[in-house]
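These are the residues of each chain, in order.
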Amino acid sequence: MEKVVIVTGANSGIGLALCERLLTEDTQLRLCLACRNMQRAEAARSALLTSHAGAHVDLLQLDVGSVESVLEAAKVVKSRYNRIDFLYLNAGIMPNPQVDIRAFFKGLFSRNVINMFATAEGLLTQQDHLNSDGLQEVFATNLFGHFVLIRELEPLLCQTGHTSRVVWTSSSNARRSAFSMDDIQHRKGTEPYSSSKYASDMLSVALNRRMNGQGLFSSVVCPGLVMTNLTYGILPSSFWTLIMPIMWLIRIFTNTFTLTPYNGAEALHWLFLQKPESLDPRAKYHSLTSGLGTNYTEPRQMDIDGETADVLFSKLLELEKGVRRKLCERNADNEAHQRYLNEIE
């Protein structure tokens, strides 16, 4: 039986590299590229079919930063497939990154240089904005939209006698210190990316606590330091020209500098080959590359309390009700919205 695999943010970077690796591994799978920009999605599909002629590659319009887009995409998925084997939640944004230049150069020539590049701790902030749903944009895109997508696709993910997998692309920048349960959208802070990634780690733990019994298993991956469009957007191109030779040199001495999207997708691909029952629900699976260029995966325990993760899940449920209630009011003539409003009243 062919596996059905959906990858969000699949038109470039780690997402596209993952798709390439999955098709190389299993030529029979049915792969769905879930992307916001359909022109770039078409280009990615063409590239994949060039190297994998005859592969079954579908496209899905999805902007995870918009709840309405998520709901429409979920409807398409439910009409197209009768189950989902893997849901890779890879899409993410880091808008308007600001780098503390003094801290950067101070760290560049210190013993802390590897940790600085790996986590961006004390180095990187972002300016977030509200989206059309009235939510913080980074929170909505990196976490909440994916949460709503999982909720909508539960009938395809949770089926008797079938196991399904949800895999989150997290980050070494996911830090507990950046997240507050009193401000889950990070409205008051300056590190929304770090906050959203730590929240996704927590949500993965909560999903396992709630849904393993229904056949749904969630895992978290850290791709390491990868040079993608998101990474290149942090600093001007002249800075990258200056420091890239240094980064390739440092890579000899550390395994977290995966650098290429192919290497960064290592743990994502590795999880595709594992039985979910054998995995640690509280581990983050790290893509690592040795100084000699060998890729491998290593689990590391996450600093997350299960009960606290459950609290986040409950808060997201309440937020979902509020957002969808507003959508129902805004689309009073939409039968599906009205049906949902009646259900939650």
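The numbering scheme is per chain: residues are counted from 1 as the chain's sequence reads. For a predicted model such as this one, the threshold for reporting local features is a pLDDT of at least 70, and the threshold for listing and counting side-chain atom pairs is 80 or more; totals across whole chains, interfaces and linings nevertheless cover every residue. Think of the side-chain values as coming from all heavy atoms in the structure, minus any hydrogens and water.

A. Layout of the overall build of the chain. In terms of helices and strands, the chain carries 14 helices and 10 strands. Here's how the labels work: a residue is buried when its accessible area is under 20% of the maximum for its type, exposed when over 50%, partly exposed in between, all with a 1.4 Å probe on protein chains only. For the chain, with 345 residues in total, the buried portion stands at 57%. Across the chain, contacts joining residues at least 24 apart in sequence account for 73% of those joining residues at least 6 apart. The accessible surface values rely on the Shrake-Rupley method and a 1.4 Å probe; as for residues, cover is taken only from the protein chains in view. When the accessible surface of the chain is split by element, carbon and sulfur atoms take 50% of a total near 15,200 Å². Secondary structure is summarised from DSSP: a helix means a run of H or I of at least four residues, a strand means a run of E of at least two, and numbering begins at the N terminus for each. Only heavy atoms matter for contacts: two residues are in contact if any of them lie within 4.5 Å across the pair.

B. A look at the sheet that holds strand 1 (residues 4-8). DSSP-based pairing: two strands are paired if at least 2 bridges between them are found. An order of 3-2-1-4-7-8-9-10 is seen for the eight strands of this open sheet, with the pairing classed as mixed. Edge positions in the sheet fall to strand 3 (56-61) and strand 10 (295-301), since each of these pairs with one other strand and no more. Going across the sheet, the axis of each strand differs from the next one's by a mean of 25 degrees, ignoring polarity. As defined by bridge partners, strand 1 adjoins strand 2 (residues 30-35) across five bridges and the pair is classed as parallel. Of the residues in strand 2, the one forming a bridge with I6 is C32. A fitted line through C-alpha atoms serves as each axis, taken over the contacting stretch for helices, and the angle formed by two N-to-C directions is quoted from 0 to 180°. Seen against the sheet, helix 1 (residues 13-25) touches strand 1, strand 2, strand 3 and strand 4 (86-89) and runs at an angle of roughly 165 degrees to strand 1. Here helix 3 (residues 67-80) sits on the sheet in contact with strand 1, strand 2 and strand 3, set at roughly 150 degrees to strand 3.

C. Structural context of the pairing of strand 2. Across the six residues of strand 2, six count as buried, placing the element largely inside the fold. By the alternation rule, side chains of strand 2 split into R30, C32 and A34 and L31, L33 and C35, which are all buried.

D. Structural view of unusual backbone geometry. At H186, a position not held by glycine, the phi torsion is positive, near 60 degrees. Mapping H186 onto the fold places it in the loop between strand 7 (164-169) and helix 8 (192-211). Positive phi, close to 70 degrees, is recorded for L259, a residue that is not glycine. Of note, L259 is situated in the loop between helix 10 (237-251) and helix 11 (261-264).

E. Examining the pattern of salt bridges more closely. Basic side-chain nitrogens of Lys or Arg form a salt bridge, by our definition, when they fall within 4 Å of a carboxyl oxygen of Asp or Glu. Evaluation of the coordinates by the stated rule reveals 15 salt bridges. Residue D310 pairs with R209 through a salt bridge whose shortest N-O separation is 2.9 Å. Note that D310 is positioned in helix 13 (residues 306-330) and R209 in helix 8, a separation of 101 residues in sequence. Between R300 and E298 there is a salt bridge, and its shortest N-O distance comes to 2.9 Å. Using a relative accessible area of 29% as the deciding quantity, one classes R300 as partly exposed. Given a relative accessible area of 30%, E298 falls into the partly exposed group. Taken together, the salt bridges that share partners define one network made up of K78, R151, E152, E154, E320 and R324.

F. How the structure looks around the environment of S290. In this structure, S290 sits in the loop between strand 9 (283-289) and strand 10. Distance from S290 to R251, taken between C-alpha atoms, is 7.8 Å for residues 39 residues apart in sequence. Ignoring sequence-local partners within four residues, the contact set of S290 consists of R251 and Y296.

G. Geometry of the environment of S79. With respect to the helices, strands and loops of the structure, S79 is situated in helix 3. N or O atoms closer than or at 3.5 Å make up a polar contact, with two conditions inside protein: a donor-capable atom paired with an acceptor-capable one, and, for residues adjacent in sequence, both atoms drawn from side chains. Polar side-chain contacts of S79 include one of 2.7 Å to the backbone oxygen of V76.

H. Just a nonpolar patch on the surface, in detail. Patch membership is restricted to residues that have no salt bridge and whose relative accessible area is over 30%. Joining uses 9 Å for like charges and 5 Å for the nonpolar side chains Val, Leu, Ile, Met, Phe, Trp and Tyr. A cluster of nonpolar side chains, namely L249, I252 and F253, defines an oily patch on the protein surface of about 350 Å² accessible area. Relative to the assigned elements, F253 resides in the loop between helix 10 and helix 11.

I. Helix 8, seen in detail. The terminal C-alpha atoms of helix 8, which comprises 20 residues, lie 27 Å apart, in line with the 28 Å expected from a rise of 1.5 Å per residue. Most of helix 8 sits inside the fold, with 18 of its 20 residues counted as buried. Multiplying 1.5 Å by the residue count of a helix minus one yields the expected span of that helix.

J. Spatial organisation of the packing of aromatic side chains. Working definition: a ring pair exists when centres of Phe, Tyr or Trp rings (six-membered ring for Trp) sit within 6.5 Å. Plane angles under 30 degrees give stacked, over 60 give edge-to-face, the rest tilted. Within the structure shown, the criterion is met by seven aromatic pairs. On the numbers, 5.8 Å between centres and 10 degrees between planes, the contact of F86 with Y88 is stacked. Both residues of the pair, F86 and Y88, belong to the buried class. Through successive ring pairs, a cluster of aromatic residues spans F139, F144, F147 and F313.

K. Highlighting the nonpolar core. Counting residues in hydrophobic clusters, the biggest one holds 57 residues, and the most contacted among them are L87, F144, I150 and L316. Beyond its immediate chain neighbours, meaning those up to four positions away, L87 contacts I6, L149, I150, L153, L157, R165, V166 and V167. Membership of the second largest hydrophobic core comes to 32 residues, among which are L48, Y88, V226 and L279. Nine residue types can take part in a nonpolar core, namely buried Ala, Val, Leu, Ile, Met, Phe, Trp, Tyr and Cys, and a core is a set of them joined through side-chain atoms within 4.5 Å.

L. Region of the structure containing the packing of helix 3 against helix 13. As a packed pair, helix 3 and helix 13 sit with axes 11 Å apart at the nearest point and diverge in direction by 85 degrees. With respect to each other, helix 3 and helix 13 are oriented roughly perpendicular. Touching V67, E68 and L71 of helix 3 are V323, R324, L327 and R330, all from helix 13. Three classes are used, and their members are as follows: Ala, Val, Leu, Ile, Met, Phe, Trp, Tyr, Cys and Pro are nonpolar, Asp, Glu, Lys and Arg are charged, and the others, Gly among them, are polar. Residues that form the contact of helix 3 with helix 13 fall into these classes: four nonpolar, no polar and three charged. Angle categories are assigned with fixed cut-offs, so that under 35 degrees is roughly parallel, over 145 is roughly antiparallel, 65 to 115 is roughly perpendicular, and the rest are oblique.

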